[in-house]
Amino acid sequence: DTTTGQLARLWDVVSFWPRWFLPYAPPQYGARAIKDLQMRVQEHLDPAPGGQRPRPSLVLAGHSQGSVLVASTVLALSPDTCKRVGLLTYGSPLSTIYARAFPGFFGAVTLRRIVERLTGEDGVRWRNIFRQTDPIGGFLEDLGSDEVNRCLCDPHQVPLREDDQERLEAMRRDESPAERNDRPVEPDAPPPLGHDEYELTDYYRLNREDLFGMLGG
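Before going into details, it helps to say that this report is about the structure given with it. Remember, it's a predicted structure, so these values are computed and weren't measured experimentally.

In this section: the overall build of the protein. Looking only at helices and strands, the protein features 10 helices and 6 strands. In the protein, buried positions account for 44% of the 217 residues. Partitioning the contacts of the protein with sequence separation of at least 6, the portion at a separation of at least 24 is 70%. Carbon and sulfur atoms make up 53% of the accessible area of the protein, which totals about 11,900 Å².

What follows concerns the sheet that holds strand 5 (residues 126-130). Strand order across the open sheet formed by 4 strands is 1-2-5-6, with parallel pairing between neighbours. On the outer flanks of this sheet lie strand 1 (58-63) and strand 6 (149-151), each paired with one strand and no other. Neighbouring strand axes in the sheet, compared pairwise and without regard to direction, differ in orientation by 20 degrees on average. Here 6 bridges tie strand 1 to strand 2 (residues 85-90), and the two strands are oriented parallel to one another. In the sheet register, G62 faces strand 2, and the bridge partner there is T89.

Our next topic: the nonpolar core. Core analysis: the biggest nonpolar cluster contains 25 residues, and L60, L87, L94, I114 and W126 have the highest contact counts within it. Elements represented by at least two residues in this core include exactly helix 2 (30-45), strand 1, helix 3 (65-76), strand 2, helix 5 (94-101) and helix 7 (108-117). Setting aside chain neighbours within four positions, we find L94 in contact with S67, V68, A71, A99, F106, L111, W126 and L140. I129, Y198, Y204 and L215 belong to the second largest nonpolar core, which has 11 residues in total.

Bringing the packing of helix 3 against helix 7 into the picture now. The contact between helix 3 and helix 7 brings their axes to 10 Å, and the two run at 65 degrees. The angle between helix 3 and helix 7 places the two elements in the roughly perpendicular class. For the pair helix 3 and helix 7, the crossing hand works out as left-handed. Contacts between helix 3 and helix 7 involve A71, V74 and L75 on the former and, on the latter, T110, R113, I114 and R117. Tallied by class, residues from the contact of helix 3 with helix 7 come to 4 nonpolar, 1 polar and 2 charged.

Each aromatic ring pair is characterised by the separation of its centres together with the angle its planes make. Evaluation of the coordinates by the stated rule reveals 5 aromatic pairs. On the basis of an interplanar angle of 50 degrees and a centroid distance of 5.6 Å, the ring pair of Y98 and F102 is categorised as tilted. Each member of the pair, Y98 together with F102, is buried. Ring geometry for F130 and F139: centres 5.9 Å apart, planes at 80 degrees, overall edge-to-face. These aromatic residues form a ring-pair network of at least three members: Y90, Y198 and Y204.

About the thresholds
- Residues numbered from 1 in each chain as written.
- Predicted model: local features only at pLDDT ≥ 70, side-chain atom pairs only at ≥ 80, totals over all residues.
- Heavy atoms only, no water.
- Helix = DSSP H or I, 4+ residues; strand = E, 2+ residues; numbered from the N terminus.
- Buried < 20%, exposed > 50% of the residue type's maximum accessible area, 1.4 Å probe, protein only.
- Contact = heavy atoms within 4.5 Å.
- Areas by Shrake-Rupley, 256 points an atom, 1.4 Å probe, with all protein chains shown as cover.
- Pairing = 2+ DSSP bridges.
- Axes fitted to C-alpha atoms, helices over the stretch in contact; angles between N-to-C directions.
- Core = buried A, V, L, I, M, F, W, Y, C linked by side-chain atoms within 4.5 Å.
- Parallel < 35°, antiparallel > 145°, perpendicular 65-115°, else oblique.
- Left-handed = near helix turned anticlockwise from the far one by under 90°.
- Nonpolar A, V, L, I, M, F, W, Y, C, P; charged D, E, K, R; others polar.
- Phe/Tyr/Trp six-rings, centres within 6.5 Å; stacked < 30°, edge-to-face > 60°.

The structure is reproduced here in structure tokens:
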């Protein structure tokens, strides 16, 4: 990552919070963005008379800082609306950054509330895709459910078996990015994608379709 990219991500995190939380932070965008997303969800699912055709369901998808916004939006929706919503996060810093830095706001209690709101007869309508080579996003801890996390193998790595227990060990919260990257590499393989291009993969599309299937749409 370039220095500019790193500073942009830091700006995203800092400006998410209101100034009473961080007095020297730039103007907050978090509350406004979540409110706007909440309104858009309602417009799609229950439009005003004479408006667009209502949709039976939708999937909120968010990458990186966007995953924080869509996850927070789920908590702002009514329980009835949540029954028609799925959540797809990828490259998410919810556990790697937010749960560590702000445990009172994004700790296990909050994440489990999201799981509870998205749990129906067919299971949990939340998928979190991550790579072991991603220095920002990662495995979501303390969810109380093993249905959410989905590990996407980076093209430059040798694919791991589904039953590979070492893969689970590599998801430890306290593991450094360098340790995550300590995997066999295919000869002449492309460079690692890390935090980028999740949405261009078939795995992303399959998980999105799985969520829509759970919603019946």
